[in-house]
Amino acid sequence: MRDRLLPAMVTFVERMEMAFVATADANGECDASLRAGPPGFLQVLDDRTIAYPEYRGNGVHASLGNITENPHVGMLMVDFVQDLIGLHVNGIARIVEEPAFHRMFPRVPRDDERGRRAERWVVIEVEEAYVHCRKHIPRMERVTERRSWGTDDPGRKGGDYFGARGTPVRSAARRSSTGRRSVFPSTTHLSRGVARSLRRRTE
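Residues numbered from 1 in each chain as written. Predicted model: local features only at pLDDT ≥ 70, side-chain atom pairs only at ≥ 80, totals over all residues. Heavy atoms only, no water.

**Student:** Would you explain the overall build of the chain in this entry?
**Tutor:** Each helix and strand counted, the chain has four helices and seven strands in total. Along its sequence from the N terminus, the chain presents helices and strands in the succession α-β-β-β-β-α-β-β-α-β-α. Counting all 203 residues of the chain, 40% fall into the buried class. Contacts in the chain between residues far apart in sequence, at least 24 positions, make up 70% of those at least 6 positions apart. Carbon and sulfur atoms provide 52% of the accessible area of the chain, an area that totals close to 12500 Å². (Helix = DSSP H or I, 4+ residues; strand = E, 2+ residues; numbered from the N terminus. Buried < 20%, exposed > 50% of the residue type's maximum accessible area, 1.4 Å probe, protein only. Contact = heavy atoms within 4.5 Å. Areas by Shrake-Rupley, 256 points an atom, 1.4 Å probe, with all protein chains shown as cover.)

Below is the structure:
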């Protein structure tokens with residue numbers, strides 16, 4: 001384990017097309033999400049700083065909402081195709097609006113392709129970087145496909161794939177292990193106008 005990105009780690013991050021991001025709110029309730037883009041969408045700003053763009057998404061803002069309460073994040077990047085290896089990066093995150101980000105880091109190129117224009121960036125100060133063992137990583141084949149970046153079409157976004165429509169949002173009897181009512185980790189549980197500020201640019 002290292003407290004920075006080694007040169008081989010930097011090369012690995014720069015060719016990744018996706019990363020799994022784990023966050024938790026102030027109460028420790030967790031959420032895991034996927035971030036994806038073309039190679040280079042993850043930006044290594046230096047050996048102790050990594051950033052990824054927040055594109056227009058599903059409007060839930062679970063990861064961003066959690067980061068406003070608890071800046072600790074964990075990232076996992078996996079090479080399923082070539083080397084069958086993974087990289088963990090854990091650190092402290094902050095949310096930076098797109099104009100401010102490019103004033104701070106002018107060398108980072110802007111992507112103006114429809115649906116891939118960053119609304120804001122998550123900048124992570126690296127605290128831990130270490131390998132994820134290849135033992136159980138499945139080999140996959142890269143298939144070229146057309147992506148519907150930024151679409152609002154319900155079918156292309158997945159629609160009601162899991163048949164949730166028409167079912168109760170939450171069971172009245174549902175409680176967490178601490179006895180509190182479980183809260184879905186989205187900006188719906190945030191106070192102080194945080195949810196409003198995060199959603200403003202996507203409304």
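Anyway, onward from the coordinates.
**Student:** What's the story with helix α1 (residues 7-14) in this structure? I'm lost.
**Tutor:** Residues three or four positions apart in an α-helix share a direction because the helix packs 3.6 residues into each turn. Met 9, Val 10, Phe 12 and Val 13 are the residues of α1 that are buried. Around the axis of α1, the buried residues are gathered within 160° of arc, so they sit on the same side. Opposite the buried face of α1, at more than 90 degrees from it, the exposed residues are Pro 7 and Ala 8. Packed against the buried residues of α1 are β3 (43-46), β4 (49-54), β5 (72-79), β6 (85-97) and β7 (120-132). (Arc of directions from axis to C-beta.)

**Student:** Looking at this structure, how should I read the side chain of Arg 120?
**Tutor:** Relative to the assigned elements, Arg 120 resides in strand β7. We classify Arg 120 as buried; its relative accessible area is 1%.

**Student:** Help me understand the pairing of β4 in this model?
**Tutor:** Note on strand geometry: in a regular strand, side chains alternate between the two faces of the sheet. Within β4, six of the six residues are buried, leaving the element largely enclosed by the surrounding structure. Of the strand pairs in this sheet, β3 and β4 are connected by three bridges, and their pairing is antiparallel. If you follow Gln 43 over to β4, its bridge partner there is Ala 51. Adjacent in sequence and paired antiparallel, β3 and β4 are bridged by two residues. In this sheet, β7 lies alongside β4 in antiparallel orientation, the contact comprising six bridges. Paired with Pro 53 across the strands is Trp 121, a residue of β7. (Pairing = 2+ DSSP bridges.)

**Student:** Quick question: what am I supposed to make of the nonpolar core here?
**Tutor:** It is characteristic of soluble globular proteins that their nonpolar side chains tend to be buried jointly. If you look at the biggest cluster of nonpolar residues, it comprises 27 residues, and the most contacted ones within it are Leu 5, Leu 42, Tyr 52, Met 75, Met 77, Val 89 and Ile 124. Counting residues in each nonpolar core, the second largest holds nine residues, with Phe 105, Val 108, Trp 121 and Val 123 among its members. (Core = buried A, V, L, I, M, F, W, Y, C linked by side-chain atoms within 4.5 Å.)

**Student:** Would you explain the side chain of His 102 in this entry?
**Tutor:** Among the secondary structure elements, His 102 is positioned in helix α3 (residues 98-104). Relative accessible area serves as the criterion here: at 8%, His 102 is assigned to the buried category.

**Student:** Got a minute to help me understand the pairing of β6 in this structure?
**Tutor:** Pairing analysis gives eight bridges linking β5 to β6, with the strands arranged antiparallel. Paired with Leu 76 across the bridge in β6 is His 88. Examined bridge by bridge, β6 and β7 share 12 bridges and lie antiparallel to one another. Across the sheet, residue Asn 90 finds its bridge partner in β7, namely Glu 128.

**Student:** Sorry, what's going on with the confidence of the model for the chain here?
**Tutor:** Low pLDDT marks stretches whose predicted atomic positions should not be read closely. Counting all residues, the mean pLDDT for the chain is 84, and 81% of those residues have values of 70 or more. Taken element by element, the chain is modelled with least confidence in helix α4 (residues 194-199), mean pLDDT 56, and with most confidence in β5, mean pLDDT 98. Of the regions scoring below 50 in pLDDT, residues 184-189 engages in 20 contacts with residues more than four places distant in sequence or in other chains. (pLDDT = per-residue confidence, 0-100.)

**Student:** What is the right way to read the packing of aromatic side chains from this model?
**Tutor:** Both the distance between ring centres and the angle between the ring planes are used here to describe each pair of aromatic rings. In the structure shown here, the tally under the stated rule is three aromatic pairs. Where Phe 101 meets Phe 105, the ring centres are 5.0 Å apart and the plane angle is 45°; that geometry is what we call tilted. Of the residues examined, Phe 101 reaches a relative accessible area of 0% and is grouped as buried. Their ring planes at 5° and their centres at 4.2 Å tell us that Phe 101 and Trp 121 sit as a pair that is stacked. Remark: Trp 121 occurs in strand β7 and Phe 101 occurs in helix α3; sequence separation between them is 20 residues. Across the pair, Trp 121 and Phe 101 agree in class, each one buried. Through successive ring pairs, a cluster of aromatic residues spans Phe 101, Phe 105 and Trp 121. (Phe/Tyr/Trp six-rings, centres within 6.5 Å; stacked < 30°, edge-to-face > 60°.)

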